[in-house]
Amino acid sequence: MQPLAPLSAPYEDWPDELPAPPPPGKPPTSPLDEYKEKLISAATRSQYLSFIRGLFRIAADEWKWLSKAPVIKTRKPISRRIKWLTREEALTLIECMPDGFKPIVIFALATGVRRSKILDLEWSQISMQRRVAWIHPENAKAGKAIGVALNDTACKVLKEQIGRHHKFVFVHNSASTALMEQRLLR
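Model, not experiment: these values are computed from the prediction.

Draft legend 1. View of the overall build of the protein. Within the protein, the secondary structure is distributed over 6 helices and 3 strands. For the protein, the α and β elements follow one another from N to C terminus as α-α-α-α-β-β-β-α-α. In the protein, which comprises 186 residues, the share counted as buried stands at 22%. Considering only residue pairs separated by 6 or more positions, the protein has 44% of its internal contacts joining residues 24 or more positions apart. Accessible surface for the protein amounts to roughly 15,900 Å². Of this, 58% is attributable to carbon and sulfur atoms.

Draft legend 2. Quick look at helix 3 (residues 102–111). Of all the positions in helix 3, only Pro103, Ile104, Val105, Phe107 and Thr111 are classed as buried. Looking one or two residues beyond helix 3, the residue adopting positive phi is Gly112, at roughly 80°.

Draft legend 3. Expanded view of the pattern of salt bridges. For the structure on display, the rule yields 4 salt bridges. With its nearest N and O atoms 3.4 Å apart, the salt bridge here joins Lys83 to Glu89. When its relative accessible area of 60% is taken as the criterion, Lys83 is described as exposed. In this structure Glu89 comes out as partly exposed when scored by relative accessible area, which is 33%. A salt bridge links Asp99 to Lys102, with the shortest nitrogen-to-oxygen separation between them at 3.5 Å. When its relative accessible area of 63% is taken as the criterion, Asp99 is described as exposed.

Draft legend 4. Layout of the packing of helix 2 (residues 87–96) against helix 3. The interhelical angle for the contact between helix 2 and helix 3, taken along N-to-C directions, is 155°, at an axis separation of 9 Å. Considering their axes alone, helix 2 and helix 3 lie roughly antiparallel with respect to each other. Every pair of crossing elements has a handedness; the one defined by helix 2 and helix 3 is right-handed. Facing helix 2, whose interface residues are Ala90, Leu93, Ile94 and Glu95, helix 3 presents Lys102, Val105, Ile106 and Leu109. Grouping the constituent residues of the contact of helix 2 with helix 3 by class yields 6 nonpolar, no polar and 2 charged.

Draft legend 5. Local environment of a nonpolar patch on the surface. On the surface, a cluster of nonpolar side chains totalling about 730 Å² of accessible area is made up of Phe51, Ile52, Leu55, Phe56, Trp63, Trp65 and Leu66. Position of Leu66 relative to the elements: it lies in the loop between helix 1 (42–61) and helix 2. Residue classification places Leu66 among the partly exposed positions, given a relative accessible area of 32%.

Draft legend 6. Up close: helix 1. Counted at 1.5 Å a residue, the expected span for helix 1 with its 20 residues is 28 Å, and the 28 Å between its end C-alpha atoms agrees. Along helix 1, the positions that sit buried rather than exposed are Ser46, Arg53, Ala59 and Ala60. Relative to the axis of helix 1, the buried residues are bounded by an arc of 150° and lie together on one face. Seen from the open side of helix 1, the exposed residues pointing more than 90 degrees away from its buried face are Gln47, Tyr48 and Phe51.

Draft legend 7. Focus on unusual backbone geometry. Despite not being glycine, Lys64 shows a phi value in the positive range, around 60°. A positive phi angle, near 60°, is found at Arg131, a position not held by glycine. By the element assignment, Arg131 lies in the loop between strand 1 (126–127) and strand 2 (132–135).

Draft legend 8. Region of interest: the sheet that holds strand 2. Taken in spatial order, the 3 strands line up as 1-2-3 in an open sheet, and their pairing is antiparallel. The sheet is open, and its two borders are formed by strand 1 and strand 3 (146–149), each paired with just one other strand. Note: strand 2 against strand 3, 4 bridges, orientation antiparallel. Across the sheet, Val132 pairs through a bridge with Ala149, a residue of strand 3.

Rules and cut-offs
Residues numbered from 1 in each chain as written. Predicted model: local features only at pLDDT ≥ 70, side-chain atom pairs only at ≥ 80, totals over all residues. Heavy atoms only, no water. Helix = DSSP H or I, 4+ residues; strand = E, 2+ residues; numbered from the N terminus. Buried < 20%, exposed > 50% of the residue type's maximum accessible area, 1.4 Å probe, protein only. Contact = heavy atoms within 4.5 Å. Areas by Shrake-Rupley, 256 points an atom, 1.4 Å probe, with all protein chains shown as cover. Salt bridge = Lys/Arg side-chain N within 4 Å of Asp/Glu carboxyl O. Axes fitted to C-alpha atoms, helices over the stretch in contact; angles between N-to-C directions. Parallel < 35°, antiparallel > 145°, perpendicular 65-115°, else oblique. Left-handed = near helix turned anticlockwise from the far one by under 90°. Nonpolar A, V, L, I, M, F, W, Y, C, P; charged D, E, K, R; others polar. Patch = residues over 30% accessible without salt bridge, like charges linked within 9 Å, V, L, I, M, F, W, Y side chains within 5 Å. Expected span 1.5 Å × (residues − 1). Arc of directions from axis to C-beta. Pairing = 2+ DSSP bridges.

Next comes the structure, spelled out in C-alpha cells:
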C-alpha cells in the first residue's frame with residue numbers, strides 16, 4: 001500500500017498571489033463574461049431536462065436531500081430523420097464483418113430485427129414453410145409478440161444455419177466465441 005500524498009500536493013501549481021483587483025470604475029472580469037449564448041436543438045434540451053429530472057429524483061428518493069422532487073416536464077422531440085442504407089453501404093458493411101458475423105448482419109438487414117433478438121432467436125420461433133419468424137412477447141421491447149416476414153435472403157441465411165445448433169439459430173462452432181459469452185452473460 002502506497003502512502004497518501006500530502007494534502008497540499010494538488011495546490012502546488014496554484015499561484016502564491018491573487019491577481020490585482022480591477023481599477024475603480026472598471027467592472028471585474030469573470031469567465032462568465034466570455035459566455036456566448038448558443039441555440040440548442042429540442043432533442044438536446046429534452047436530454048438535459050431529463051438528466052436534471054433524474055438527478056432531482058435521486059436526490060429526493062434515494063439520498064433524501066429533498067422532501068419532494070420538482071416536476072420537470074419535457075416534450076419528446078419529433079424525429080424527422082430517417083436514414084436508409086444504400087446497397088453499396090450494406091455490401092461494404094457485410095464485407096467488413098468477420099465470417100462468423102456475416103449471416104447475422106445479412107439477416108438483420110433483410111428483416112430489420114434487433115441484434116439481441118437475432119442472437120436469441122431459436123429454431124422453435126421459425127416456420128420456414130410459412131416464411132415467418134416471431135419474437136415472443138416476453139422478449140420484445142414493447143411486451144407484444146412480433147411477427148417477422150422472411151424474404152428470400154433471410155430464408156437463404158436460415159437454411160445455411162440449419163444443423164449448426166439444436167436450439168439457437170446463430171452460433172459459432174467454438175464455445176468460447178463472443179456470441180456464446182454474450183448469451184451466458186445475459
